[in-house]
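Inside the fold
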Amino acid sequence: MYLGVLPQNKSNQLTERWRKKMHPDKNPNDESATEKFQELTLAYEVLNDKNKRSKYDQFGEEGLKDEMQGGGGGDPFSSSFFGDFFGFGGAQGQQGHEETVKGDSITIPLEVTLEDIYGGNFIEIVRHKPVAKTASGTRECNCRNEMKTTQIGPGRIQMTQQRVCDQCPNVKFVNEEKTLEMEIEPGMEDGQIYPFIGEGEPNVDGDPGDLNFQIKVLKHPIFERKVLDLYTNVTISLHDALLGFTTHIDHLDNHKVKIERKQVTWPGAVVKKKGEGLPSNENYNIRGDLFITFDVAFPRGTLTAEQQEGVKKMFTSQTKDPKIYNGLQGY
């Protein structure tokens with residue numbers, strides 16, 4: 001750490017004697033002494049200004065850049081010397097300037113059926129993508145801010161920031177049709193993201209963004225999904241509820257799930273079919289269950305006297321008083 005000054009040090013740790021020590025007149029053999037002296041002067045100014053020092057302690061070099069530029073001065077933080085002095089290092093401080101710019105990423109909802117989620121599917125998507133084509137002329141590119149040092153008088157140096165650009169061949173964007181093939185994997189979650197890297201919006205000076213499809217599972221008329229389990233309801237007659245029945249359910253891939261009841265089936269009774277749910281997206285050998293809830297369709301209207309007598313003979317137990325309770329709270 002140059003001069004042993006850490007970000008948490010007090011301003012009086014950097015005194016005037018250090019600036020005198022680094023003065024170009026005292027370092028005639030050091031070609032970089034002038035530049036270091038100017039940077040050291042700016043560092044001294046920051047450390048001795050409470051407002052600037054507070055911004056540096058809170059936000060680091062980024063908190064001071066606007067202020068130093070806004071005052072007409074240069075950007076002292078672009079130098080590795082000044083960066084090493086404050087403790088964030090020149091290479092680290094310049095790392096952000098070397099990052100490749102990217103175009104915007106796009107997220108589009110993609111509606112899929114529960115059948116797709118159960119068995120998987122392949123979907124073709126036609127994409128009209130802007131593609132860069134060579135055009136006549138040149139354009140500015142790779143623009144960046146560089147520091148320029150100007151001597152304005154004896155012992156007086158001014159650092160200013162200027163915008164510098166390269167000249168690159170000109171381009172224009174032309175929409176081209178492209179077909180993307182997307183695999184809907186069994187067990188995918190609602191809201192899951194399926195990315196196409198580099199298929200988003202272009203950037204003339206960098207890489208294109210990404211194109212993301214967000215899975216949206218449509219409502220199903222028969223089945224409801226909860227994680228890997230499936231839920232459905234079956235309405236049966238009072239006759240079947242009392243005497244038993246055999247039926248089947250057509251599953252999402254059209255295989256038949258057999259339901260057989262030999263005992264009395266009451267309204268709200270639930271039967272679990274193990275392994276008849278959705279497959280896990282991480283392991284297709286793991287499957288959820290299918291839960292079937294039964295509703296009983298009672299006859300409407302009034303029974304004849306003969307029917308009433310038949311029911312009485314069927315149920316020999318005496319009538320019980322109705323039970324009143326809070327069903328919503330599970331009592």
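Anyway, here's the lowdown on the structure attached to this text. (Residues numbered from 1 in each chain as written. Predicted model: local features only at pLDDT ≥ 70, side-chain atom pairs only at ≥ 80, totals over all residues. Heavy atoms only, no water.)

Taken together, the side chains of Leu-242, Leu-243, Val-264, Leu-303, Val-311, Met-314 and Phe-315 make up a nonpolar region of the molecular surface, amounting to roughly 630 Å² of accessible area. If you list the elements that add at least two residues to the nonpolar patch, you get α8 (238-243) and α9 (305-314). Secondary-structure assignment places Met-314 in helix α9. (Patch = residues over 30% accessible without salt bridge, like charges linked within 9 Å, V, L, I, M, F, W, Y side chains within 5 Å. Areas by Shrake-Rupley, 256 points an atom, 1.4 Å probe, with all protein chains shown as cover. Salt bridge = Lys/Arg side-chain N within 4 Å of Asp/Glu carboxyl O. Helix = DSSP H or I, 4+ residues; strand = E, 2+ residues; numbered from the N terminus.)

Bringing the nonpolar core into the picture now. Core analysis: the largest hydrophobic core is formed by 35 residues, its most contacted members being Met-182, Ile-184, Ile-215 and Phe-294. Beyond its immediate sequence surroundings of up to four residues, Ile-184 is in contact with Leu-110, Val-112, Asp-116, Ile-117, Gly-120, Asn-121, Ile-123 and Ile-215. (Core = buried A, V, L, I, M, F, W, Y, C linked by side-chain atoms within 4.5 Å. Buried < 20%, exposed > 50% of the residue type's maximum accessible area, 1.4 Å probe, protein only. Contact = heavy atoms within 4.5 Å.)

It is worth spelling out the state of the cysteines at this point. Throughout the structure, instances matching the rule amount to 2 disulfides. A sulfur-sulfur distance of 1.7 Å marks the disulfide that ties Cys-141 to Cys-168. Across the S-S bond of Cys-141 and Cys-168 the torsion is about 65 degrees, and the bridge reads as right-handed. Placement of Cys-141 in strand β2 (residues 121-153) and of Cys-168 in strand β3 (residues 156-184) is noted, with a sequence separation of 27 residues between them. Across this residue pair, the class does not change: Cys-141 and Cys-168 are buried. Cysteines bonded in the protein are numbered consecutively along the chain; their disulfide partners then correspond to 1-4, 2-3. (Disulfide = S-S within 2.5 Å.)

A separate point is the sheet that holds strand β11 (residues 290-297). What the 4 strands build is an open sheet, ordered β6-β7-β11-β10; its pairing is mixed. Either end of the sheet is taken by a strand with one partner, and the two such strands are β6 (224-226) and β10 (270-273). Mean inter-strand twist for the sheet, computed between neighbouring axes without regard to direction, equals 30 degrees. Here β10 pairs with β11 via 4 bridges, running antiparallel. Looking at the pairing, Val-271 lines up with Ile-292 of β11. (Pairing = 2+ DSSP bridges. Axes fitted to C-alpha atoms, helices over the stretch in contact; angles between N-to-C directions.)

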